[in-house]
Amino acid sequence: MAPRPPRVLILGGYGVFGGRLARLLIKDGAEVVVAGRSIEKAQAFAKTHGGAPLALARAEATAERLRELSPDVVVDAAGPYQAYAKPGEDAYALPRAAMAAGAHYLDLADDSEFAAGITALDAEAKAAGKIALSGVSSVPTISSAAVSALIDDSAPLTEIALIESSIVPGNRAPRGMSLMRAILSQTGRAVRLWRGGRWTTAPGWSDPKRIKIEGLDPRRACLIGAPDLTLFPEAFAARSVLFRAGLEVPFLHWGLWASGLPIRAGLARTLVPLAQTYTRIAELFRGAGTDRGGMLVRVAGRDAEGRAQDRRWSLVAEAGDGPFIPALSAALLVPKLIAGELPHGARAGMGPLSLAEVEAGLSRLRVSTRRGGAPAPRLFEAALGEDWSSAPQSLRRLHDIWDEERFAGRARVTRGGSFLARLAGALFRFPPATAPDQTDIPVAVEIRRTDRGETWTRDFDGRRFRSHLSPRTTGAGGGLLWERFGPVRCGLRIRVRDSAIAFAVENWRLFGLPMPRALAPGTSAREFERDGRFHFDVDLTSPLTGLIVRYQGWLRPEGEG
């Protein structure tokens, strides 16, 4: 006798992603119950695609009701998951009810706290002999599979500096209200990020970045919340974890970015009440753009030989098949649950599928995938070439910038006394001289990687100034860098001498115009290691002013002892 097909109850089973999941499972021979608040929508879906329609809201899915329906697996594809944690309510009432009714549980949660928090049900799940997985979707299930595969390449990465994922759907992809509410709930509001080995925040839908996925035109994507942000820092011991999403049509993308400005300024609390308005606007322009979307997962770091590597896995969905991708993981996991291939317990959906399994599942869709990598020396590493390896470890650590790093320490400052020196110091916001009764002052340096180089923000006891460093050549070695302070740009040559990095100014420009070398600012800047710490000694002079500023001190990664 042939085994009974699995019976799967999908809440939100006629929605954008729940409907795709239902269609995949029906094709696989599962018995699917298409459930939701609207019996009319469920019936219309079932008439077209199959499945048994059912009127059942999430709040009505009690253990008693689920026992009557006797599903093997309950899937929550409704959302928005950000709205489940209401005061006085149990955000995990549905998975508890599913397991009490003898069913496994899956959801497609895109909310970090909800996906990570399901571990609170772990003891219950094990006692019931069931599995509850949250976030079984593009993130973190597919993204974690890609990250694991990229790390464990032919030369495994032993230091993970950055994990960055981006999703850029085609403009013609359908937009459900749950997805719109989820996006608007984060726009302009603080998103918790792990950057440079510390927790920080950034406004949702901010920090736009140009994303290039092979097979798609370049698109812009902004920071937004996802389960990866909470789960990956510990799971992969990464120094930074970022997630971005973007809209294909530029004016829609920038319009959403601009909509977050009042939230960031504290003039409004949330955009969620405008979800229907935003959905109507999006529908007006649905004909713009394409039905082609993509996903990019990037892992960067160093292998056991210390070589800097940037590895990427990407997919491109054609002909409107993009919305199937968030549903694919659940479709692939249902037979694994039924076959008992996964350990009992409750956890986020990170790691239950390998990348090979994901790509095999994607092969049934109009989706292409690519995987590659390349050496990726950092700014100073590329400039120093072979000399990089001879620099002390603390210097290489400070210049190993993939995303954003912060360093803290102590310093003392000397300022030039001439009128022109004081004027230059004020113009560039250099710190004042250390007071006579102080031996040193606190100093912090934030270094952020940009598309063109690095931005250094130095904070000497509250006095901040900034400079931008970029390569002067595209080849490795040569020691050539540009450093820009406002309108002044200095051409630097850096070398490793006597276990220190020394800086020399070779030329300079003012407002982009070459200036006489005889009037060039001078420096005898050095970076060196003492007692295992990074030390610096930087002085800036000019033939016209004499000494402008000198600052000396030490730094270590923020948070280290």
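To be clear, the structure that these remarks concern was listed above.
Residues numbered from 1 in each chain as written. Predicted model: local features only at pLDDT ≥ 70, side-chain atom pairs only at ≥ 80, totals over all residues. Heavy atoms only, no water.

> What should I look at first to understand a nonpolar patch on the surface in this one?
On the surface, Phe419, Leu420, Leu423, Leu519 and Leu544 cluster together into a nonpolar patch covering about 500 Å² of accessible area. Counting through the fold element by element, Leu544 comes out in the loop between β27 (533-542) and β28 (546-557). (Patch = residues over 30% accessible without salt bridge, like charges linked within 9 Å, V, L, I, M, F, W, Y side chains within 5 Å. Areas by Shrake-Rupley, 256 points an atom, 1.4 Å probe, with all protein chains shown as cover. Salt bridge = Lys/Arg side-chain N within 4 Å of Asp/Glu carboxyl O. Helix = DSSP H or I, 4+ residues; strand = E, 2+ residues; numbered from the N terminus.)

> I tried to follow the pattern of salt bridges on my own but got confused; where do I start?
Close approach of charged atoms allows side chains with opposite charge to pair. Tallying each qualifying case throughout the model produces 42 salt bridges. Across the pair Glu558 and Arg198 runs a salt bridge whose closest N-O atoms are separated by 3.8 Å. Residue Glu558 is found in the segment after β28, and its partner Arg198 is found in strand β9 (residues 198-203); the two are separated by 360 residues along the sequence. Given a relative accessible area of 22%, Arg198 falls into the partly exposed group. Between Arg302 and Glu381 there is a salt bridge, with its nearest N and O atoms 2.7 Å apart. (Buried < 20%, exposed > 50% of the residue type's maximum accessible area, 1.4 Å probe, protein only.)

> Looking at this structure, I do not really get the sheet that holds strand β2 (residues 31-36). What am I missing?
In sheet architecture, strand pairing relies on hydrogen bonds along the backbone and comes in two forms, parallel and antiparallel. Strand order across the open sheet formed by seven strands is β3-β2-β1-β4-β5-β6-β15, with parallel pairing between neighbours. One side of each edge strand has no neighbouring strand; the edge strands of this open sheet are β3 (52-55) and β15 (345-348). Each neighbouring strand pair of the sheet contributes to a mean axis angle of 15 degrees, computed without reference to strand direction. In this fold helix α1 (residues 16-27) packs onto β1 (7-11), β2 and β4 (73-76), with an angle of close to 165 degrees to the strand it touches most, β1. (Pairing = 2+ DSSP bridges. Axes fitted to C-alpha atoms, helices over the stretch in contact; angles between N-to-C directions. Contact = heavy atoms within 4.5 Å.)

> Whenever I open this one, the nonpolar core confuses me. Can you help?
Buried together is how nonpolar side chains tend to be arranged in soluble globular proteins. Formed by 113 residues in total, the largest nonpolar core has its most connected members in Leu66, Leu106 and Trp313. In this structure, Leu66 is in contact with Leu9, Ala61, Pro71, Val74, Leu94, Ala97, Ala98 and Ala101, ignoring residues within four places of it in sequence. Counting residues in each nonpolar core, the second largest holds 43 residues, with Ile447, Phe485, Val488 and Val496 among its members. (Core = buried A, V, L, I, M, F, W, Y, C linked by side-chain atoms within 4.5 Å.)

> So what exactly am I meant to see when it comes to helix α14 (residues 355-362) here?
What sets the pattern is the α-helix's 3.6 residues per turn: residues three or four places apart point alike. Of all the residues in α14, the buried ones are Leu355, Val358, Gly361 and Leu362. Buried residues of α14, viewed axially, fall in a sector of 125 degrees; they line one side. (Arc of directions from axis to C-beta.)

> What should I look at first to understand the packing of aromatic side chains in this one?
For any pair of aromatic rings, the description consists of the separation of the ring centres together with the inter-plane angle of the planes. A full pass over the atoms with the stated rule returns 18 aromatic pairs. Judged by centre distance (4.9 Å) and plane angle (80 degrees), the ring pair of Phe251 and Phe285 falls under edge-to-face. Taken as a pair, Phe251 in helix α10 (residues 250-259) and Phe285 in the loop between α12 (275-284) and β13 (293-303) lie far apart in primary sequence, 34 residues in all. Given the relative accessible area of 46%, Phe251 is considered partly exposed. With a relative accessible area of 33%, Phe285 lands in the partly exposed category. (Phe/Tyr/Trp six-rings, centres within 6.5 Å; stacked < 30°, edge-to-face > 60°.)

> Please clarify how helix α13 (residues 325-339) should be interpreted in this entry.
By the largest-angle criterion, Leu333 marks the main kink of α13, which is about 25 degrees, and a proline, Pro335, follows within four residues. Here α13 lies mainly inside the structure; eleven of its 15 residues are buried. Phi turns positive, to about 70 degrees, at Gly340, one or two residues after α13. (Bend = angle between axes of the 7 residues up to and from the residue.)

> When you look at the pairing of strand β23 (residues 500-510) in this model, what are you seeing that I'm missing?
Regular strands place side chains that alternate from one sheet face to the opposite one. Here strand β22 (residues 488-497) pairs with β23 via ten bridges, running antiparallel. Paired with Arg495 across the bridge in β23 is Ala502. Counting the residues between successive antiparallel strands, the hairpin from β22 to β23 contains two residues, one of them, Asp498, with a positive phi of roughly 50 degrees. Bridge count between β23 and strand β26 (residues 526-530): three bridges; the pairing is antiparallel. Of the residues in β26, the one forming a bridge with Ala502 is Arg526. In textbook terms, the turn of a hairpin is the stretch between consecutive antiparallel strands, and for β23 and strand β24 (residues 513-514) this stretch comprises two residues, one of which, Phe511, has a positive phi near 55 degrees.

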